[in-house]
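Each chain, written out:
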Amino acid sequence: MEREKRNDMSSSRKRSFTFGAYGSSHFLVYSVDGDTCGDETRPESAEGNTLDILDSPPRDRQPSHPASSNQRDTELFEIIEKLQGSRIDEQRCEFPLPLKSRLLTIGGELPLILAPKLGGYWIDPPLERLADVSPTSSCHGLEPESYDIMERDAEARIYHEFFRSRYHHSFTAVDPSLGPLVLSVRLEEEESKLRVILRMKECSLHGVFSVSLFPNIPSAVELAKMLCDRVTVSKFDVVGYLKAPELIATFDEHRVSPNFKFGILYQKNGQLTEEDILCNTQESEEFKELLSILGETIQLQGFAGFRGGLDVCHGQTGREAIFTSFHGREIMFHVATRLPFTEGDPQQLQRKRHIGNDIVALVYQEGQTPFLSDVIKSHFLHCFLVVRRTPGPEDTGKTAYRVSVTAREDVPPFGPFLPDPPIFTDCSLLREFLLTKLINAEISCYKAQRFSRLELRTRSLLLESLQVELAARSKCMMGNPSLCAPPSSEGARGVTEGTGGFIENFKRAIRVRSHSFETLGVTRKTSGSAAQKPKTDKDGEGVGFVFVFSDKSPGHLSADSLGSAELKDQASPQDET
């Protein structure tokens, strides 16, 4: 009797994940601990717009298993778990813990997004606010002219605007505590002002000083200390390289990109896991209609615009994609259903390698199944925009779209704000809102802890390379031919070529640093005795990088792990931007 009682208790504690219907409303059923949730009861009606904590399925519906069957099942799952490699464990989307929360209904519907049990995400609009939303309510949204696109770095083009095409001087130094410094000074005689930019690893400081404040023009060291009192260097070297303005402008604007790439996921009714969502191959007419709102279908073969990492030569990333131009910006969408599908791979890593390396993704929801904020395991995906098609007002006959947003808790809020209620009936207004929201979401995600730390490392590497190259080439101009080297292929790449965004900047920083140290004859700091040389492929060209990230550890991601341990060499055409 005691053994059967223990078996019943263990069976009741097992988690189940069921999708079904209750009355006229869809709902999710999570079996929960009988000890903790035994007092909860189901709501008698849906008019209260809430579903209370859902009970476990009735015991008479649960088949009883003998102890030997349970033991065999346990042994079988242990064997399967041992056979699964770390690759599967790192990419797998696990079921969430049993929910012990309150689910809200919206006019008989579930919300678009549910927060994970362990938290870590914010949802807009909040679930409490959604309780009163109705598709027939009047829309009090903002007009398209109020949809402002955020600037990622408002001061990045100061050098281009005030220095590059005008007479000025630049200086370099290596501070014992601050590291490499690059200073630019320009005298504006018309206004009797000195305009100064000091570039450090953490940031760039910009200042304008009146010449009347000084009896004589200050030295480079004095100007640097006016902007930052932590500067301790006693001497700056003059930059005499003729192409220095081009290199400096490229560094200043390395964070500014007119190109964006976003993922698009297709969630069918009843799909709750990453595997289910990524394994979709068929597209409904409603989903195709939303894609046509976002952009136009293009053939990847020979495509000349921004390709967002997709292969336009060999067809390794599919034949078609969704692309659009929006207010001077080019946007490529990684549509999961149009990326290569691999039979026998439930994780669809060929799709995950693109979707998982995006920072923001849009989810089109077909049906009433909520999207779980953490269902897609990725170090990079920080924000999701979820769109669900819903019947519009009866008097208009138009189709409406409900929109919701979720992001990790360290991502600051961003505009444009959702209308109240968050429903759109005008397709042109929906397009304007979604594209603006996607761009602002990515820019805001860069302020999250993981990206800000990696971005600081990227800037440090680029500044170090800039200072080394400017100093060496200036000495070469002064008559030291031993330091002369062929032009840097990376340094010559201007921002007009079309950078691919944040990840490509980091890869470029690694390549630039390797090129600067190797071609300019500067000894690199290595952990071993011999300097490490960058790997090259058979043709002698630089090897691209593929980022392989896992979510195995719940701890924070260090910049060093992103920069070294998780970079793998791979010469592949789709890794180029």
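Residues numbered from 1 in each chain as written. Predicted model: local features only at pLDDT ≥ 70, side-chain atom pairs only at ≥ 80, totals over all residues. Heavy atoms only, no water.

Draft legend 1. Local environment of the overall build of the protein. From N to C terminus, the protein includes 15 helices and 22 strands. Split into buried and exposed, the 577 residues of the protein put 50% on the buried side. Intrachain contacts of the protein at a sequence separation of at least 6 include 66% that bridge at least 24 residues. Just so you have it, the protein exposes about 28600 Å², and 50% of that area is on carbon and sulfur atoms. (Helix = DSSP H or I, 4+ residues; strand = E, 2+ residues; numbered from the N terminus. Buried < 20%, exposed > 50% of the residue type's maximum accessible area, 1.4 Å probe, protein only. Contact = heavy atoms within 4.5 Å. Areas by Shrake-Rupley, 256 points an atom, 1.4 Å probe, with all protein chains shown as cover.)

Draft legend 2. Molecular detail of the packing of aromatic side chains. Scanning the entire structure with this criterion turns up 13 aromatic pairs. Between the aromatic rings of Tyr159 and Phe163, the centroid separation amounts to 5.5 Å while the plane-to-plane angle is 10°, which identifies the pairing as stacked. Of the two residues, Tyr159 and Phe163, both sit in the buried class. Considering the side-chain rings of Phe380 and Phe451, the 5.7 Å spacing of their centres and the 35° angle between planes classify their relative orientation as tilted. Residue Phe380 is found in the loop between strand S17 (371-372) and strand S18 (383-391), and its partner Phe451 is found in helix H13 (residues 449-477); the two are separated by 71 residues along the sequence. Summarising the burial analysis for this pair, Phe380 and Phe451 share the class buried. Feature note: the residues Tyr147, Phe424 and Phe433 constitute an aromatic cluster, connected by ring pairs. The ring centre of Tyr446 lies 3.7 Å from the NZ or CZ of Arg152, which sits over that ring. When the ring centre of Phe162 is taken as reference, the NZ or CZ atom of Arg195 above it lies at 3.9 Å. (Phe/Tyr/Trp six-rings, centres within 6.5 Å; stacked < 30°, edge-to-face > 60°. Lys NZ or Arg CZ within 6 Å of the ring centre and 35° of its normal.)

Draft legend 3. Layout of H13. Helix length check: H13, at 29 residues, gives a terminal C-alpha distance of 42 Å against a target of 42 Å (1.5 Å per residue), a fit within 8%. Looking one or two places after H13, you find Gly479, whose phi comes out positive at around 115°. (Expected span 1.5 Å × (residues − 1).)

Draft legend 4. Quick look at the sheet that holds strand S10 (residues 204-210). The sheet built from 5 strands is open, its strands ordered S10-S9-S8-S7-S11 with antiparallel pairing. A strand with exactly one partner marks an edge of an open sheet, and here the two such strands are S10 and strand S11 (237-238). In this sheet, S11 lies alongside strand S7 (residues 169-175) in antiparallel orientation, the contact comprising 2 bridges. Bridge pairing in S11 links Phe171 to Val238. Sitting on the sheet, helix H8 (residues 244-252) is in contact with S7, strand S8 (179-188) and strand S9 (193-199), with an inclination near 65° to S9. Strands S7, S8, S9, S10 and S11 of the sheet are contacted by H13, whose axis makes an angle of about 70° with S8. (Pairing = 2+ DSSP bridges. Axes fitted to C-alpha atoms, helices over the stretch in contact; angles between N-to-C directions.)

Draft legend 5. Structural view of unusual backbone geometry. Residue Pro416 is bonded to the preceding Gly415 through a cis peptide linkage, with omega at -5°. Locating Pro416 in the fold gives a position in the loop between strand S19 (399-408) and strand S20 (423-424). The step from Asp420 to Pro421 runs through a cis peptide bond, and the omega angle for that step is 5°. Tracing the backbone shows Pro421 in the loop between S19 and S20.

Draft legend 6. Geometry of H8. Taking burial as the measure, the 9 residues of H8 include 8 buried ones, the bulk of the element. Of the residues making up H8, those classed as buried are Ala244, Pro245, Leu247, Ile248, Ala249, Thr250, Phe251 and Asp252. On its buried side, H8 packs onto helix H6 (158-162), S7, S8, S9 and H13.

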